[in-house]
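# Notes for the structure review
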2 protein chains.
Amino acid sequence: MKDLSASLEDYLEIICNLLESSKSVKAVSIAKRLNISRASVSEALSKLAEKDLIVYEGHKGITITEKGLIQAQRVITKHNTLTAFFEQTLGINKSIAENNACRIEHVITEEVFDRLEKFQEFCNKNSEIINEFKKGYLTNSRNE
Amino acid sequence: MKDLSASLEDYLEIICNLLESSKSVKAVSIAKRLNISRASVSEALSKLAEKDLIVYEGHKGITITEKGLIQAQRVITKHNTLTAFFEQTLGINKSIAENNACRIEHVITEEVFDRLEKFQEFCNKNSEIINEFKKGYLTNSRNE
DNA sequence: ACAATTTGTTAGGCTTACCTTACAATTTTT
DNA sequence: AAAAATTGTAAGGTAAGCCTAACAAATTGT
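Now for a description of the structure that goes with this document. Just so we're clear, the structure is a prediction, and the values are computed from it rather than from any experiment.

Turning our eyes to something else, we now look at the protein's contact with DNA strand D. Near DNA strand D lie 21 residues; those nearest to it are S5(A), S40(A), V28(B), R38(B) and S42(B). Here the atoms of DNA strand D within 4 Å of the protein split so that 57% fall in sugar or phosphate, with bases taking the remainder. Here R38(B) contributes a side-chain N or O atom positioned 2.8 Å from a base nitrogen of DNA strand D. At the level of secondary structure, the elements contributing two or more residues to the surface near DNA strand D comprise α1 (6-19) and α3 (38-50) of chain A together with α2 (27-34) and α3 (38-50) of chain B. Here the surface near DNA strand D gets four residues from one element, more than from any other, and that element is α3(A).

Structure (structure tokens):
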């Protein structure tokens, strides 16, 4: 189950995101979103379909399987938590936070992620920590 | 200057580490450390030498250039700080912490790293934060 | 309905980073 | 100094992931 490359994980994640606003997704939207060629998307989709993570029938569009959804959601959870940690706790601006989340979500392991998730929750509930950090450590740089 | 692949960054980092215990390093040590073939190391070293990050003359061994040292040290700093954050703040065991540091050090951006470094410093100086976190959030899992 | 546009696929290429096998060069042992 | 072992390199291969160009299929506009 956990054998996807960073690249295929990205495709799956985007498919899942795009499916939230429409019933089915076309390959060209992915190409645009990722800024890569339709040909490359076509290849990648074949791989995902082969692994039974999506159902892909050319012009009919893409749907995600149960199996695919589970994997996509795990990545999306990582994405969101990492973004929240960078943005809310570290005080990084949103686009940089997202960008780093995108990079790290594919390489962080479960153990560390689970712990970070708890830590972020903890920081969220104890906002005085964050305030203290920002007050004392971020005096001469504002990047929020 | 910042154009190294994760892989080449790893080579450079290991060379730098190995140089701490000996005046010059042989390719075979790197192969053993990374568990890859001598042939692959040979190729990678040629690339690093081409970029003027190391001086490599076959059997004479490898030395690092000024330029190479600067890049290696940046990665090593990231490695150490990430490891410290995972281990000391999140309470992850050392080998998992190191493993995740290895994965993330090549993809985290400077902005986020710099901020995390400050945050880790802050957490270190305010050990009650970590204690509180560990007390309240890590009650039924011990992984330190 | 049919022409134009959009979307998808195929074929052939490129790069990175690994591999094995075989050979060359160096070092070590005896 | 010769044999043995170690270390390095070259050649040829694989797989992932991207590309462009050309073509095929579907959709849209009129």
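The next thing to look at is the interface of chain A and chain B. The interface is formed by 31 residues belonging to chain A together with 31 residues belonging to chain B. Summing both sides of the interface, chain A and chain B together bury roughly 2,900 Å²; the carbon and sulfur share of this comes to 72%. Counting across the interface, chain A meets chain B through zero salt bridges. Between the two partners, chain A and chain B, sit eight residue pairs in polar contact (both at pLDDT 80 or more). When residues of the side of chain A that touches chain B are traced back to their parent elements, those giving at least two are α4 (66-89), α5 (94-104), α6 (110-125) and α7 (127-137) of chain A. With ten residues, the single largest contributor to the side of chain A that touches chain B is α6(A). Among the residues forming the side of chain A that touches chain B, the class breakdown is 17 nonpolar, seven polar and seven charged.

Residues and elements named next belong to chain B. Secondary-structure assignment places I54 in strand β1 (residues 54-56). Through-space distance from the C-alpha of I54 to that of E66 is 8.6 Å; in sequence the pair is twelve residues apart. When near neighbours in sequence (up to four residues on either side) are disregarded, I54 contacts L12, I15, L45, L48, A49, I62, T63, I64 and T65.

Residues and elements named next belong to chain A. The residue H79 is located in helix α4 in this model. Taking the relative accessible area as the measure of exposure, H79 reaches 10% and is therefore buried. Sequence-distant contacts of H79, defined by excluding residues within four places in its chain, comprise E13, E98, A101, C102 and E105.

Turning our attention to the pattern of salt bridges. If you walk through the whole model with that rule in mind, you get twelve salt bridges over all chains. The salt bridge involving K60(B) is made with E57(B); its shortest N-O contact spans 3.9 Å. Since its relative accessible area comes to 63%, K60(B) is described here as exposed. Within the structure, one salt-bridge network assembled from shared partners comprises R74(A), K78(A), E110(A) and D114(A).

With that settled, consider the protein's contact with DNA strand C. If you check the shell around DNA strand C, you find 21 residues, and the closest are V28(A), R38(A), S42(A), S5(B) and S40(B). Sugar and phosphate atoms form 58% of the subset of DNA strand C atoms that lie within 4 Å of the protein. In the environment of DNA strand C, a sugar or linking oxygen lies 3.4 Å from a nitrogen or oxygen atom belonging to the side chain of H59(A). Here a phosphate oxygen of DNA strand C sits 2.6 Å away from a polar atom, N or O, in the side chain of S40(B).

Scoring rules and cut-offs
- Residues numbered from 1 in each chain as written.
- Chains lettered and ligands numbered in written order.
- Predicted model: local features only at pLDDT ≥ 70, side-chain atom pairs only at ≥ 80, totals over all residues.
- Heavy atoms only, no water.
- Near = heavy atom within 4 Å.
- Polar contact = N/O pair within 3.5 Å; in protein donor to acceptor, adjacent residues only side chain to side chain.
- Helix = DSSP H or I, 4+ residues; strand = E, 2+ residues; numbered from the N terminus.
- Contact = heavy atoms within 4.5 Å.
- Buried area = accessible area lost by both parts, 1.4 Å probe.
- Salt bridge = Lys/Arg side-chain N within 4 Å of Asp/Glu carboxyl O.
- Nonpolar A, V, L, I, M, F, W, Y, C, P; charged D, E, K, R; others polar.
- Buried < 20%, exposed > 50% of the residue type's maximum accessible area, 1.4 Å probe, protein only.

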